[in-house]
Amino acid sequence: MGKLKRKEYQALLEPMQLELIAMARWAQHTGQRVLVLFEGRDTAGKGGAIQAIAEHLNPRQCRVVALPKPTDRESTQWYFQRYVAHLPAAGEIVLMDRSWYNRAGVEHVMGYCSENEYHAFLAQAPVFEKLLIDDGILLFKYWLSVDQAQQEKRFAERHVDPLKGWKLSPVDLKSRSKYSAYTEAREAMLRATHRDEAPWTLVDFNDQKRGRLGLIRNLLDRLPDTRVDEPELALPPLKGKLHKEHFDALKPIEPYPLAE
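Residues numbered from 1 in each chain as written. Predicted model: local features only at pLDDT ≥ 70, side-chain atom pairs only at ≥ 80, totals over all residues. Heavy atoms only, no water.

As named in an unreviewed UniProt entry, the protein chain is ADP/GDP-polyphosphate phosphotransferase, taken from Stenotrophomonas nematodicola. Recorded in UniProt under Subunit (unreviewed entry), the annotation for the protein chain is "Homotetramer." Per its UniProt entry, the protein chain bears the Function (unreviewed entry) comment "Uses inorganic polyphosphate (polyP) as a donor to convert GDP to GTP or ADP to ATP." (UniProt positions renumbered as here; feature names shortened; annotations may be inferred.)

Put into structure tokens, the structure is as follows:
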């Protein structure tokens, strides 16, 4: 299967983005709460997938959550506590770029949590998610998969591209030699947290464009019928004379004097 050209990709993506807009209107109309988790290895393409979904949605309704490392205070709280504050309210869509599953992945593999904390998480995560679902939240969990050769290629691109350099962190560099350990951690996580009420969906992101299209199609197909008639807004002719902007009075701003 050949690589998708940009025009082909956009032609396939645009109809789905229109469906996403309809889905957002449905969520707002019905008060549904939609929560989508994006997990996967470094460089898998989580940010690009989230951007493709959120691009044309109202940012006041669709929120992207990408939490930094816990503060000293948050480290003493119940593990799930800081995520609860970001759960969707009625009519909202929340897209989490990494989630509580940090504990099953990077925290476990890199030794940032204890073995007791790790095993407690694997036991508690399904219980926590069932509480969310029983309360009416529509939860979707996606794992974006990428093989090691493709991951190395993307690391190299980030290393030389100043526009992508911010994506490469010291933790990413330490993780490079732990590909197999992350594979084992992922398999343990899937065994412990793949449930009928909150299943995982694995998506091949070696080809990011095809991966995004597949993920969005899957998300839309798993949602209930999201058709809500769009209100028709008439744009009547403007009465009166059209006014021009006047720029004559604008002068270059003088630089603020420096303190001596």
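**Topic: helix α8 (residues 179-193)**
Along its 15 residues, α8 runs 21 Å from first to last C-alpha, staying within 8% of the 21 Å computed at 1.5 Å per residue. Within α8 the residues assigned to the buried category are Y179, Y182, A185, R186, A188, M189, L190, A192 and T193. Elements that come into contact with the buried residues of α8 comprise α4 (106-109), α5 (115-134), β4 (137-145), α6 (148-160), α7 (170-175) and β5 (200-204). (Helix = DSSP H or I, 4+ residues; strand = E, 2+ residues; numbered from the N terminus. Expected span 1.5 Å × (residues − 1). Buried < 20%, exposed > 50% of the residue type's maximum accessible area, 1.4 Å probe, protein only. Contact = heavy atoms within 4.5 Å.)

**Quick notes on unusual backbone geometry**
Even without a glycine there, the phi angle at T43 is positive, about 75 degrees. Checked against the element boundaries, T43 lands in the loop between β1 (33-40) and α2 (46-54). Given a relative accessible area of 4%, T43 falls into the buried group. Even without being a glycine, R98 presents a positive backbone phi close to 75 degrees. With respect to the helices, strands and loops of the structure, R98 is situated in the loop between β3 (93-97) and α4.

**Comments concerning the pairing of β3**
Most of β3 is tucked away: 4 of the 5 residues are buried. In this structure, β1 lies alongside β3, joined through 5 bridges in parallel fashion. By the bridge assignment for β3, F38 is matched with D97. Here strand β2 (residues 62-65) runs beside β3; their pairing, made up of 4 bridges, is parallel. Within β3, the residue paired with C62 across the bridge is I93. (Pairing = 2+ DSSP bridges.)

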